[in-house]
Amino acid sequence: MTQLKNRRYLDALLKQPVDRTPIWMMRQAGRYLPEYRATRAQAGDFMSLCKNAELACEVTMQPLRRYPLDAAILFSDILTIPDAMGLGLYFETGEGPRFKKEINNVADVAALKVPDPDKELKYVMDAVSTIRRELKGEVPLIGFSGSPWTLATYMVEGGSSKTFSKIKRMGYEEPEALHLLLSKLADSVIEYLNAQIAAGAQSLMIFDTWGGVLSPRDYREFSLDYMAKIVDGLNTGSGEHKVPVTLFTKGGGQWLEWIADTGCDGVGLDWTVDIADARRRVGHKVALQGNMDPSILYASPERIRQEVQVILDGYGEGTGHVFNLGHGITPEVDPENAGAFIKAVTELSSAYHTK
Ligand code: 1CP
């Protein structure tokens, strides 16, 4: 096994001392980068880019060539699982994801098969091992998946949604159908993430982008319990080689104690929570990741630097913080501003560490 040259990101999640706060950005490979747009055009459509290990590796590496980031993230999408279940994922130009087949009732759910990560999802494992080889131990590789609830929203709604009316109706009128779907998804995610670990992922993120649209009781029942089951089912190992797992529920600031109780290593914070408050509430149990509003990247480098300082001050001294945006970087951001953000974190954060 190659020794990692930069373990800052893993050490912060495992609460080991670090010399400065590690940083990566959600959606760091993406449309704000002209080199991404060029590779994407070369691949044709988005899924062809995900299914080509060499090109997926290329776009994973692009932000690392520009910026001193402390982690790489697998280039793929959360919707690979529903696609592998046979729903026929496609992207209309300029629109979000769509599915050819929708899930409407318990019979549709019963017909779904848990995908084999070494067959239908082998292209993802090929991307993981290709990226690991190309990284040459420079920084760790983050693998990921969507949470069962978040994946189910796309499957039942047939794509993105604002109201979540179909899936909420299913939860209230046919809860057994929704629970069957969520438990098949939880099993699929466990196998998928364990296969990513076997292929070389050194840390894992679970994106629960839509957990925040639920009431507290429904969040527990339809999202959190399934994420807890996943955390339990992962082969994360121990000690220095432990694969830390971070759970991110967008809009989940009011449930940090519950999330921290799942046994995860890190909790992702969006920008609607105060990081000092979050540390007081759960910082004794888990590491925190976040939590700058991605829209700050539209402001000047000076204003961005100021905001970085506020968040570093908010978390305070010591390990246990991974700097990140509170959600993904948007296509309109100037790459220069992303650079100013990362530079500010690398320059300002050593004052908070004694290593
Ligand atoms: O046109 C394009 O090039 C497609 C844009 C795009 C990209 C760059 C999509 C479609 N997916 C991705 C890559 C991606 N998606 C990554 C790897 C890139 C990186 O981080 O460097 C990751 C981690 C994701 C995860 C993802 N996909 C999430 C969870 C995180 C989040 O942002 O909340 C979600 C909800 C998706 C669904 C999805 N895929 C693509 C889009 C535009 C969307 C969002 C649709 C919606 O708003 O409902």
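Residues numbered from 1 in each chain as written. Predicted model: local features only at pLDDT ≥ 70, side-chain atom pairs only at ≥ 80, totals over all residues.

A.B. asks: Quick question: what am I supposed to make of the UniProt feature "binding site: substrate" (unreviewed entry) in the chain here?
C.D. replies: UniProt records the feature "binding site: substrate" (unreviewed entry) for R27, Q28, A29, G30, R31, D77, Y154, T209 and H327 in the present numbering. For the residues just named, distributed over 301 residues, the greatest C-alpha separation reaches 22.6 Å, placing them at more than one site. Tracing the backbone through its elements, the reader meets R31 in the loop between helix 1 (8–13) and helix 2 (34–43). When near neighbours in sequence (up to four residues on either side) are disregarded, R31 contacts Y36, R37 and P331. Along the polypeptide, D77 turns up in the loop between strand 1 (72–73) and helix 5 (80–87). Owing to 18 C-beta atoms within 10 Å, D77 belongs among the partly exposed residues under this scheme. (UniProt positions renumbered as here; feature names shortened; annotations may be inferred. Helix = DSSP H or I, 4+ residues; strand = E, 2+ residues; numbered from the N terminus. Contact = placed C-beta atoms within 7 Å. Buried ≥ 20, exposed ≤ 12 C-beta atoms within 10 Å, placed from the backbone.)

A.B. asks: I keep staring at the environment of M47 and nothing clicks. Help me out?
C.D. replies: When you line up the elements, M47 lands in helix 3 (residues 46–51). Residues M47 and L79, 32 residues apart in the sequence, show an inter-C-alpha distance of 9.9 Å.

A.B. asks: What is the right way to look at the environment of L89 in this model?
C.D. replies: Looking at the element boundaries, L89 is found in strand 2 (residues 89–91). It is 7.5 Å that separates the C-alpha atoms of L89 and L79, two residues lying ten residues apart in sequence. With residues near it in sequence (within four places) discarded, L89 still touches M47, L79, P82, D83, P97 and F99.

A.B. asks: Looking at this model, I keep getting lost on the nonpolar core. Mind explaining?
C.D. replies: Across soluble globular proteins, you tend to see nonpolar side chains buried next to one another. L74, V128, I142, A152, L182, L204 and V267 are the most contacted members of the largest nonpolar core, which totals 114 residues. The element that contributes the greatest number of residues to this core is helix 10 (residues 175–199), accounting for twelve residues. Not counting chain neighbours up to four residues away, the residues in contact with V128 comprise L74, L141, G143, Q196, A199, G200 and A201. (Core = buried A, V, L, I, M, F, W, Y, C linked by C-beta atoms within 7 Å.)

A.B. asks: Any chance you could explain the pairing of strand 9 (residues 321–325) here in plain terms?
C.D. replies: Look at any regular strand and the pattern is simple: side chains alternate between the two faces of the sheet. Along strand 9, five of the five residues are buried, which leaves the element largely enclosed by surrounding structure. Burial of the side chains of strand 9 extends over both faces: H321, F323 and L325 are buried on one face and V322 and N324 on the other. In this structure, strand 8 (residues 287–292) lies alongside strand 9, joined through five bridges in parallel fashion. The partner of N291 across the bridge, within strand 9, is N324. Following the chain from strand 8 across helix 14 (residues 301–315) to the adjacent parallel strand 9, one finds a crossover that is right-handed. (Pairing = 2+ DSSP bridges. Right-handed = clockwise from strand over helix to strand, strands pointing away.)

A.B. asks: When you look at the site of the ligand in this model, what are you seeing that I'm missing?
C.D. replies: In the neighbourhood of the ligand, 20 residues make up the surrounding shell, with A29, G96, S160, F207 and T209 lying closest. Here the shell around the ligand is composed, by residue class, of ten nonpolar, six polar and four charged. (Near = placed C-beta within 6 Å. Nonpolar A, V, L, I, M, F, W, Y, C, P; charged D, E, K, R; others polar.)

A.B. asks: Honestly, unusual backbone geometry in this entry has me stumped. Any pointers?
C.D. replies: Outside of glycine, negative phi angles account for most residues, and trans bonds account for most peptide bonds. Note that the residue after G290, namely N291, is joined by a cis bond; omega there is -10°. Looking at where N291 falls in the secondary structure, it is placed in strand 8. The phi dihedral of K15 is positive, around 60°, even though this residue is not glycine. You can see K15 is positioned in the loop between helix 1 and helix 2. In this structure K15 comes out as partly exposed when scored by C-beta crowding, with 18 C-beta atoms within 10 Å. Of note, the phi angle at K136 is positive, near 50°, even though the residue is not glycine. Along the polypeptide, K136 turns up in the loop between helix 7 (122–135) and strand 4 (141–146).

A.B. asks: Please explain the packing of helix 14 against helix 15 (residues 335–348) as it appears in this structure.
C.D. replies: A packed helix pair is summarised by two numbers, namely the angle formed by the two axes and the spacing between the axes. Packing of helix 14 against helix 15 leaves a shortest axis separation of 9 Å and a crossing angle of 40°. Comparing the axis directions of helix 14 and helix 15 gives the class oblique. In terms of crossing hand, the pair formed by helix 14 and helix 15 is right-handed. Judged by residue contacts, P301, I304, R305, V308, Q309 and L312 of helix 14 engage N337, A340, F341, A344, V345 and L348 from helix 15. Its residues assigned to classes, the contact of helix 14 with helix 15 comprises nine nonpolar, two polar and one charged. (Axes fitted to C-alpha atoms, helices over the stretch in contact; angles between N-to-C directions. Parallel < 35°, antiparallel > 145°, perpendicular 65-115°, else oblique. Left-handed = near helix turned anticlockwise from the far one by under 90°.)

A.B. asks: Could you clarify how one ought to interpret the confidence of the model for the chain in this entry?
C.D. replies: Should the pLDDT be low somewhere, the predicted coordinates at that spot are not to be read in detail. Per-residue confidence for the chain gives a mean pLDDT of 97, with 99% of residues at or over 70. Predicted complex metrics record ipTM = 0.93 and pTM = 0.97. (pLDDT = per-residue confidence, 0-100.)

A.B. asks: Hey, could you run me through the pairing of strand 4 in this one?
C.D. replies: Of all six residues that make up strand 4, six are buried, and the element is covered over most of its length. In this sheet, strand 5 (residues 203–208) lies alongside strand 4 in parallel orientation, the contact comprising five bridges. If you follow G146 over to strand 5, its bridge partner there is F207.

A.B. asks: Would you explain the sheet that holds strand 7 (residues 266–268) in this entry?
C.D. replies: Two strands in a sheet stick together by hydrogen bonds in their backbones, pointing the same way (parallel) or opposite ways (antiparallel). Taken in spatial order, the seven strands make up an open sheet running 1-4-5-6-7-8-9, and their pairing is parallel. Each of the sheet's edge strands pairs with one partner strand only, and the pair in question is strand 1 and strand 9. By the bridge criterion, five bridges tie strand 5 to strand 6 (residues 245–249) in an arrangement that is parallel. Paired with L204 across the two strands is V245, which belongs to strand 6.

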